[in-house]
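# A closer look at the structure
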Amino acid sequence: MKKPVSAEKHQQRMAKVKEKIDQKIASADKQQGIIIVLTGNGKGKSSSAFGMLARSLGYGYQCSVIQFIKGAWECGEELFFAEHPKVDYHALGAGFTWETQNREADQLAASKAWEMAQERLMNPDFNLVILDELTYMFTQGLLDLDSVIETLQQRPAHQNVVITGRGAPEALQEVADTVSEIKDVKHAFRQGIMAQRGIEY
Ligand code: ATP
Ligand code: MG
């Protein structure tokens, strides 16, 4: 067992920690929008993006959500956020490719969704743009990665962009400022538990 430290020692240690943290905060002085990529096989990518949407709305920012894959079901986030006056919400992506089984329709849906995303990524009025499930457009070869990256880099300087989806391409991770890979440790689905309303959708 660890020896208990005296109150005085603890205070000294914490003062050192505070000093280091304060230094780091002071040196992070660049003000600009960032690109966040949330990838990996674990649950929590889209729901994290919607958490940041709620935060941004808390400050009254204008936000846009483009969902590149339209799930089979309705989802709680759309029911809630699409009603918000500061949210421009579009769930217009392709269905799951194994459901539509129609390459041409998927391609058309992907191009339409990207066209819409491009407009938002050029519009300085939007403080936050969420490109939900964008990564599948690359794994399915429905969008050109280079032109997406070019548009991302030319966006208004203050604009934040959150991109979600499994298997984010290396080049996309490189241009991002923050990348989190969510690890799948366990998922209720594999124990035969039905998708939970309000939790999964
Ligand atoms: P969420 O929207 O819950 O944050 P996500 O965006 O990380 O999930 P997606 O890959 O977009 O995950 O999957 C969407 C749906 O699949 C959600 O209902 C989610 O709970 C479920 N899901 C996510 N990860 C897993 C997994 N490892 N096994 C089974 N189902 C999963
Ligand atoms: Mg998701």
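What counts and how
- Residues numbered from 1 in each chain as written.
- Chains lettered and ligands numbered in written order.
- Predicted model: local features only at pLDDT ≥ 70, side-chain atom pairs only at ≥ 80, totals over all residues.
- Heavy atoms only, no water.
- Helix = DSSP H or I, 4+ residues; strand = E, 2+ residues; numbered from the N terminus.
- Buried < 20%, exposed > 50% of the residue type's maximum accessible area, 1.4 Å probe, protein only.
- Contact = heavy atoms within 4.5 Å.
- Areas by Shrake-Rupley, 256 points an atom, 1.4 Å probe, with all protein chains shown as cover.
- Lys, Arg positive; Asp, Glu negative; His and termini not counted.
- Charge placed at Lys NZ, Arg CZ, Asp CG, Glu CD.
- Pairing = 2+ DSSP bridges.
- Axes fitted to C-alpha atoms, helices over the stretch in contact; angles between N-to-C directions.
- Donors = N, O, S within 2.8 Å, 3.2 Å for Na, K, Ca; no water.
- Near = heavy atom within 4 Å.
- Polar contact = N/O pair within 3.5 Å; in protein donor to acceptor, adjacent residues only side chain to side chain.
- Salt bridge = Lys/Arg side-chain N within 4 Å of Asp/Glu carboxyl O.

### Quick word on the overall build of the protein chain
- Of the regular secondary structure elements, the protein chain holds 8 helices and 6 strands.
- Starting at the N terminus and walking to the C terminus, you meet the elements of the protein chain as α-β-α-β-α-β-α-α-β-α-α-β-α-β.
- For the protein chain, the proportion of its 201 residues judged to be buried stands at 35%.
- For the protein chain, long-range pairs separated by at least 24 residues make up 77% of all intrachain contacts whose partners lie at least 6 apart in sequence.
- Of the accessible surface of the protein chain, which amounts to about 13,000 Å², a share of 52% is contributed by carbon and sulfur atoms.
- Looking at charge distribution, the protein chain has the averaged site of its 23 positive side-chain charges lying 14 Å from that of its 26 negative ones.

### What about the sheet that holds strand 6 (residues 178-181)?
- Strand order in the open sheet made by the 6 strands is 3-2-4-5-1-6, with parallel pairing throughout. Whereas interior strands pair on both sides, the edge strands pair on one side only; in this sheet they are strand 3 (87-94) and strand 6. The mean angle between the axes of side-by-side strands here comes to 10°, regardless of whether they run parallel or antiparallel.
- Relative to strand 5 (residues 160-164), strand 1 (residues 35-39) runs parallel, the two sharing 4 bridges.

### Structural notes on the coordination of the magnesium ion (ligand 2)
- Note on the magnesium ion (ligand 2): its protein donors are Ser-46 (OG) and Glu-133 (OE). The metal-donor distances range over 2.1 Å. Placement of Ser-46 in helix 2 (residues 45-58) and of Glu-133 in the loop between strand 4 (128-132) and helix 6 (135-139) is noted, with a sequence separation of 87 residues between them. Across the pair, Glu-133 and Ser-46 agree in class, each one buried.

### Structural notes on the site of ligand 1
- Around ligand 1 there are 15 residues in total, and Lys-43, Gly-44, Lys-45, Ser-46 and Ser-47 lie nearest to it.
- One of the side-chain nitrogen or oxygen atoms of Ser-47 is found 2.5 Å away from an oxygen atom of ligand 1.
- A distance of 3.4 Å separates an oxygen atom of ligand 1 from a polar side-chain atom of His-187.
- Here the element with the most residues in the shell around ligand 1 is helix 2; it accounts for 3 residues.

### Observations concerning the pairing of strand 5
- Burial runs high along strand 5: 4 of the 5 residues are buried.
- Here strand 4 runs beside strand 5; their pairing, made up of 4 bridges, is parallel. In the strand pairing of strand 5, Leu-131 is matched with Ile-163.

### Things to note about the environment of Thr-139
- In this fold, Thr-139 is placed in helix 6.
- When its relative accessible area of 51% is taken as the criterion, Thr-139 is described as exposed.
- Each C-alpha atom, one on Thr-139 and one on Tyr-201, is 23 Å from the other, the two residues being 62 residues apart in sequence.
- A distance of 3.2 Å separates a polar atom in the side chain of Thr-139 from the backbone oxygen of Tyr-136.

### Points about the pattern of salt bridges
- Per the counting criterion, the structure on display carries 5 salt bridges.
- Measuring nitrogen to oxygen at the nearest pair gives 2.8 Å for the salt bridge that ties Asp-22 to Lys-18. Separated by 4 residues within a single helix, Asp-22 and Lys-18 lie in helix 1 (residues 7-27), roughly one turn from each other.
- Linking Arg-190 and Asp-184 is a salt bridge whose minimum nitrogen-to-oxygen distance equals 3.0 Å.
- By relative accessible area, Arg-190 is classed as exposed at 53%.
- According to the relative accessible area criterion, Asp-184 is partly exposed, its value standing at 29%.
- Each member of the salt-bridge network shares a partner with another, and the members are Asp-88, Glu-119 and Arg-120.

### Topic: the environment of Gly-60
- Along the polypeptide, Gly-60 turns up in the loop between helix 2 and strand 2 (63-69).
- Sequence separation between Gly-60 and Val-37 is 23 residues; the distance between their C-alpha atoms is 23 Å.

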